[in-house]
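Structural overview
This is what each chain is made of:
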Amino acid sequence: MKRSALGTLSTGAPGPTLAAGFSAAAALLVLAASDANALTGREVIEQAQVRNGFSTWHDRRTVVTLEGFDDSRRTTREAEIFEQNDPQAEHRTLMEYLAPGEFTGTRYLYVSPRRARQEWWMWTPATRHVRKLGGTYPGFQRDEIFFMSDLSYSDLVLLVRIQQWTDAEGTARLEGEEACGANQCDRVALVPAQDNDEFPCARYRLWFTRDDRLLHHAELYDPHDQLMKTIRCDGYFATGRFMTARSCEIEHVRTKTRAVITVKEVAYDTGLGADLFTVAHLAEGN
């Protein structure tokens, strides 16, 4: 893939954090609520978008390191990831492995429609054809993936998507406050509407730091309302208008497997074309 048209990449340089897509008047109204106890869950999420732009960007390119830990095994891979984000339509992700050598060139296309289940496709240099992965997230057959770290990035996509939900797509309730590390956090519970099948979870809990509204961690509950995964993010840095977590750790509670995703480079809103996120492009293998 050519990188010349991707814009300036950030590795952690400071910058303003006011997110695009909100008017100055709207931002002032949201931020004017100084009494946190008077806020709703929806308003806490809106504050996070105004200050940090977590789900308001249109496209993003990242270079990441993915580490997977499963019992005594550890895998480390490097990938280049392109995303296109439309709050009213689909979120599309194209991932290509850069290293190690045996995985170089392997590519995934991940499509997350609004209110419908995700779909995955894979292309490998060895087969040179596109294969649609069977099953539904998070229950792919293990012979259809290399390792669970291949799919862990979709959990970060999930965090983007659920912060975009409207009242018709899910309820957001402020549960209270609690310490999270050295900070105080407001905890928000998100419950999808009955007709919202975008992700197979009964509910989500998000912890936002009170002073700067960074997403500290999240919990995902399975369809039986049992805790399924935890996600912890830290090391936030600014890239223009947007904040990015340097590292996120995703742990599967029952299996104790985990993945760590570390961002090496990131660029936002560089004008990535829609044709990049198609099965036809994936099949080209270029």
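Above this note sits the structure.
Just so it is clear, the model here is predicted, and its values are computed rather than measured. Residue numbering note: each chain is counted from 1, following its sequence as written. Given that the model is predicted, a residue must reach a pLDDT of at least 70 before its local features are reported, and side-chain atom pairs must reach 80 or more before they are shown or counted; all residues, however, enter totals for whole chains, interfaces and linings. Remark: hydrogens and water are excluded; side-chain values derive from all non-hydrogen atoms of the structure.

**Notes on the environment of Ile261**
Tracing the backbone shows Ile261 in strand β15 (residues 258-268). A sequence separation of 109 residues divides Ile261 from Ser152, and the C-alpha atoms of the two residues are 8.2 Å apart. For Ile261, the contacting residues outside a window of four places in its chain are Val64, Thr65, Leu66, Ser152, Tyr153, Leu156, Arg246, Ser247, Cys248 and Ile250. A run of H or I in DSSP becomes a helix once it reaches four residues, and a run of E becomes a strand once it reaches two; helices and strands are each numbered from the N terminus. Every residue pair with non-hydrogen atoms within 4.5 Å of one another is taken to be in contact.

**Re the nonpolar core**
To form a nonpolar core, buried Ala, Val, Leu, Ile, Met, Phe, Trp, Tyr and Cys residues must be joined to one another through side-chain atoms within 4.5 Å. Exposure classes here rest on a 1.4 Å probe applied to the protein chains alone. A residue is buried below 20% of its type maximum, exposed above 50%, and partly exposed in between. Membership of the largest hydrophobic core comes to 52 residues, with the highest contact counts inside it found for Leu156, Leu159, Ile162, Tyr204, Leu206, Phe208 and Ile231. Looking at which element gives the most residues to this core, the answer is helix α3 (residues 149-162), with seven residues. Each residue touching Ile231, except ones within four places of it in the same chain, is listed here: Asp155, Leu156, Leu159, His216, His217, Ala218, Leu220, Glu249 and Ile250. Counting residues in hydrophobic clusters, the runner-up holds ten residues, among them Leu109, Val111, Leu272 and Leu276.

**Overview of the pattern of salt bridges**
Between Lys or Arg on one side and Asp or Glu on the other, a salt bridge is scored when a side-chain nitrogen of the former is within 4 Å of a carboxyl oxygen of the latter. Counted under the stated rule, the structure contains 26 salt bridges. For Glu119, the salt bridge identified is with Lys132, shortest N-O distance 2.9 Å. Of this pair, Glu119 sits in strand β5 (residues 119-123) while Lys132 sits in strand β6 (residues 130-132), placing them 13 residues apart in sequence. Glu219 is the salt-bridge partner of Arg205, the closest N and O atoms lying 3.4 Å from each other. Within this pair, whereas Arg205 is found in strand β9 (residues 203-209), its partner Glu219 is found in strand β10 (residues 215-221), the two being separated by 14 residues in sequence. Pair check on accessibility: Arg205 and Glu219 agree, each one buried. Within this structure, Arg173, Glu175, Glu178, Arg187, Arg205 and Glu219 form a network of salt bridges that share partners.

**Comments concerning the side chain of Ser112**
As for its placement among the helices and strands, Ser112 is situated in strand β4 (residues 107-112). Here a polar contact is taken to be a pair of N or O atoms separated by no more than 3.5 Å, where protein atoms must pair a possible hydrogen donor with a possible acceptor and residues adjacent in sequence count only if both atoms sit in side chains. A polar side-chain atom of Ser112 sits 3.5 Å from a polar atom in the side chain of Glu198. Beyond its immediate stretch of four places on either side in the chain, Ser112 contacts Ala89, Glu90, His91, Gln118, Arg161, Glu198 and Phe199.

**What about the state of the cysteines?**
Put simply, a disulfide is two cysteine sulfurs that come within 2.5 Å. Scanning all chains against the criterion turns up two disulfides. The disulfide that involves Cys180 links it to Cys185, with 1.7 Å between the sulfurs. Where Cys180 bonds to Cys185 through sulfur, the torsion about that S-S bond is close to 75 degrees, and the disulfide is right-handed. The residues Cys180 and Cys185 share a single accessibility class, namely buried. Note that Cys233 is cross-linked by a disulfide to Cys248, the S-S spacing being 2.2 Å. Of note, the bridge from Cys233 to Cys248 carries an S-S torsion of about 110 degrees and is right-handed in sense. Placement of Cys233 in strand β11 (residues 227-234) and of Cys248 in strand β14 (residues 247-252) is noted, with a sequence separation of 15 residues between them. With relative accessibility at 6%, the residue Cys248 sits in the buried group.

**Observations regarding the side chain of Gln47**
Turning to its location among the elements, Gln47 is positioned in helix α2 (residues 41-52). Look at Gln47 and you get buried, because its relative accessible area is 2%. There is a polar contact of 2.7 Å between the side chain of Gln47 and the side chain of Arg213.

**Quick look at the packing of aromatic side chains**
When two rings of Phe, Tyr or Trp (its six-membered ring) have centres within 6.5 Å they constitute a pair, described as stacked for plane angles under 30 degrees, edge-to-face for angles over 60, and tilted for the intermediate range. In this structure the tally under the stated criterion is eight aromatic pairs. A ring pair is formed by Tyr110 and Trp120, whose centres lie 4.6 Å apart and whose planes are at 20 degrees; its orientation type is stacked. Here Tyr110 is found in strand β4, whereas its partner Trp120 is found in strand β5, with ten residues between them in sequence. Of the residues examined, Tyr110 reaches a relative accessible area of 2% and is grouped as buried. Trp120 sits in the buried class, given a relative accessible area of 4%. Each ring, one from Phe242 and one from Tyr268, has its centre 4.7 Å from the other, and the planes form 35 degrees; the classification is tilted. Here Tyr268 lies in strand β15 and Phe242 lies in strand β13 (residues 242-244), a separation of 26 residues in the sequence. Tyr268 matches Phe242 in its accessibility class, with the two residues each being buried.

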